[in-house]
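# Overview (structure and organization)
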Amino acid sequence: MQENEMLQLLKGRFGQITQEEATKAAVVPKALLLDVADFLKNQELAFDDLHCITAIDRVERIELVYIFYSIEKRHTLTIKVYLAPDDLKIESLAGLWRSADWFEREIYDLFGVYFLNHPDLRRILNPYDWDAHPLRKDFSDPDFIKKPQY
Amino acid sequence: MELMITENNNSIHSEEFYVNMGPQHPSTHGVLYLELKLDGEVVVDCIVHIGYLHRSMEKIAENRTYTQFIPFTDRLDYLASMNNNLGYVLAVEKLLNLEVTERAKYIRVIIAELNRIASHLVAVGTFAQDLGAFATPLFYCFREREKIVELFDELCGNRLTYDYMRIGGVQFDLPQGIDEKIRQVIKYLRSRINDYESLLTYNTIFLIRSKDIGILPKDLALNYSVTGPNLRASGVKYDLRKDEPYLVYDKFQFDIPVGENGDAWDRYRVRMEEMRQSLRIIEQAIAGMPEGDPTAKVGRIHRPAAGEVYAKTENPRGVLGFYIVSDGSPCPYRLKIRAPSFSNLAVLPNLIKGLRVADVVCILGSLDVVMGEIDR
């Protein structure tokens, strides 16, 4: 199924889903994420593979990017969830796809987004006792050399 | 002297205990730390600790130009540097809407498949080493890999971190007469791979150690987003070179080997068969090589329009993806590396519960993870 058709299907089912113009990704409200994820996995779209989760720090918000793939139907879908910087909490998808476990730990480690109901939310790449989130744009450290100007 | 008989004396006292396997351990293929909870020799639980090789590549990427980041991708999966280069430049080219010449595509396919064979040779050799076939298969595999490394040395002057792909093409054209050398290497490898089959595949000790060990069922593999030979060994016919062909893979005849049980032996068999299929692809690519100039004809500083792109390629270890966000400046705004080994390792605790410590080594070897791309 094409991404546009999937988006129409999601819009028909949930209503509040919009499309991001630049990337054509479906933007899902934070509160709907678990319902949408459940629909994606268990209904006709049959997304059996949560291929990747990542985050982008846009300063005014943090965007979570979920990329799904269906081995059965061989189609892919990207959804996004916007998080306000003062409320970095979101439901974990680890109950639906186990691959989300480590992806979410990585985002927690690097961006400081808290995943509620995550089975084991610890840092994964950085030391357990560190308190910074290095991929945030406001990250600073004496040893960190800022981007050169071109 | 009279023996004291107490309640507990008729059984040996035992309890579960923890063993730290790694971070420095010869069988963990890098700095991987497994916290094993054991009952005698049986694994009860396993916690995986990673991050010992974390070099904050994604942060570095935000402070380098697109071209400057290419050498960093070599250090992800250092056994398949060419494939990492390829995945990255394809993503950037997708972001820039850049089309490369036909000859560059063919060269990229040949190089990527040669590196796939080199990578699988290390995987098979170390796997056999882990199973106790001490030194012989490993040294044989490294001897064969040397032939490919010598080709790469002639091609770009490096033996491990090649830095050969460029945004818009490749660094150099193929040197004079290298196609004849590649043909000889193909012929040599064909007979050698058959040798390994007779040396290892149906060897009784090898079979006992790897057959029905570490069975990864299809749905568990999908649930953990396991990709590459590990997924195909579980019976899922999914290979990006066939399913979403990039470069010129759709022009070549090759098969996708799949396993039946998803055990360690199947994963080994899939890798062996993939090497043969890669040889087929290289042969066809050399035969159909078009003329032209494969080198990049664009500048070194790229300013892609603001946007986001996700490009994935089939690496020797699975699907390698690059998610690149551009804000119009010469450096990526955000670069995410979706490394195949990361997901392939996450499934490990499910496979080893209830097995013995020696099987942990076997299963880890059969999953063939590289810490460089897990920790990034």
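In this report, the structure presented in the accompanying data block is examined. (Residues numbered from 1 in each chain as written. Chains lettered and ligands numbered in written order. Predicted model: local features only at pLDDT ≥ 70, side-chain atom pairs only at ≥ 80, totals over all residues. Heavy atoms only, no water.)

## Quick look at the packing of aromatic side chains
To be explicit about the condition: Whether two aromatic rings pair depends on their centres lying within 6.5 Å, for rings of Phe, Tyr and Trp, where Trp uses its six-membered ring; planes under 30 degrees apart make the pair stacked, over 60 edge-to-face, and the rest tilted. Secondary structure follows DSSP: runs of H or I at least 4 residues long count as helices, runs of E at least 2 residues long count as strands, and numbering of each begins at the N terminus. Only protein chains enter the accessibility calculation, which uses a 1.4 Å probe; a residue whose area is less than 20% of its type maximum is buried, one above 50% is exposed, and one in between is partly exposed. Placement of a charge over a ring requires the Lys NZ or Arg CZ to be within 6 Å of the ring centre, with the centre-to-atom vector within 35 degrees of the ring normal.
Enumeration according to the criterion identifies 23 aromatic pairs over all chains in this entry. Seen from their ring centres, B:Tyr140 and B:Tyr196 are 6.5 Å apart, and the 35° between their planes marks the pair as tilted. Residue B:Tyr140 is located in helix H5 (residues 136–156), and its partner B:Tyr196 is located in helix H6 (residues 178–201); the two are separated by 56 residues in the primary sequence. Aromatic side chains B:Tyr246 and B:Tyr249 sit 5.2 Å apart centroid to centroid with 70° between the ring planes, which places their arrangement in the edge-to-face category. Pair check on accessibility: B:Tyr246 and B:Tyr249 agree, each one buried. An aromatic cluster of three or more residues is present, and its members are A:Phe47, A:Tyr66, A:Phe68 and A:Trp97. The aromatic ring of A:Tyr82 is capped on one face by A:Arg61, whose charged end is 4.0 Å from the ring centroid.

## Side note on the sheet that holds strand E3 (residues 42–49) of chain B
Residues and elements named next belong to chain B. For clarity, the cut-off: One bridge is not enough; two strands pair if DSSP finds at least two bridges between them. Axis definition: a line fit to C-alpha positions, over the contact stretch in the case of helices; interaxial angles, taken between N-to-C directions, run 0 to 180 degrees. Two residues qualify as a contact provided that any one of their heavy atoms is within 4.5 Å of a heavy atom in the partner residue.
Across the sheet, three strands lie side by side as E1-E2-E3; this open sheet has antiparallel pairing. Each edge of the open sheet is held by one strand with a lone partner, namely strand E1 (17–21) and E3. The mean inter-strand angle of the sheet, taken between neighbouring strand axes irrespective of direction, is 25°. Relative to strand E2 (residues 33–39), E1 runs antiparallel, the two being bridged by five bridges. In the sheet register, Met21 faces E2, and the bridge partner there is Leu34. The sheet strands contacting helix H14 (residues 357–367) are E1, E2 and E3, and the helix crosses E2 at an angle near 145°.

## Here's the deal with the packing of helix H4 (residues 102–130) of chain B against H5(B)
All names here are of chain B. Quick reminder of the rule: Throughout, the term roughly parallel applies to angles under 35 degrees, roughly antiparallel to angles over 145, roughly perpendicular to angles from 65 to 115, and oblique to all others. Crossing handedness is read from the near helix: turned anticlockwise from the far helix by less than a right angle, it gives a left-handed crossing, and turned clockwise, a right-handed one.
For the pair H4 and H5, interaxial distance at closest approach is 8 Å and the crossing angle is 160°. Classified by the interaxial angle, the pair formed by H4 and H5 is roughly antiparallel. When you trace H4 past H5, the crossing you get is left-handed. Residue-level inspection shows Ile111, Leu114, Asn115, Ile117, Ala118, Leu121, Val122, Val124, Gly125, Thr126, Ala128 and Gln129 of H4 in contact with H5, the latter providing Pro137, Leu138, Cys141, Phe142, Glu144, Arg145, Ile148, Leu151, Phe152 and Leu155.

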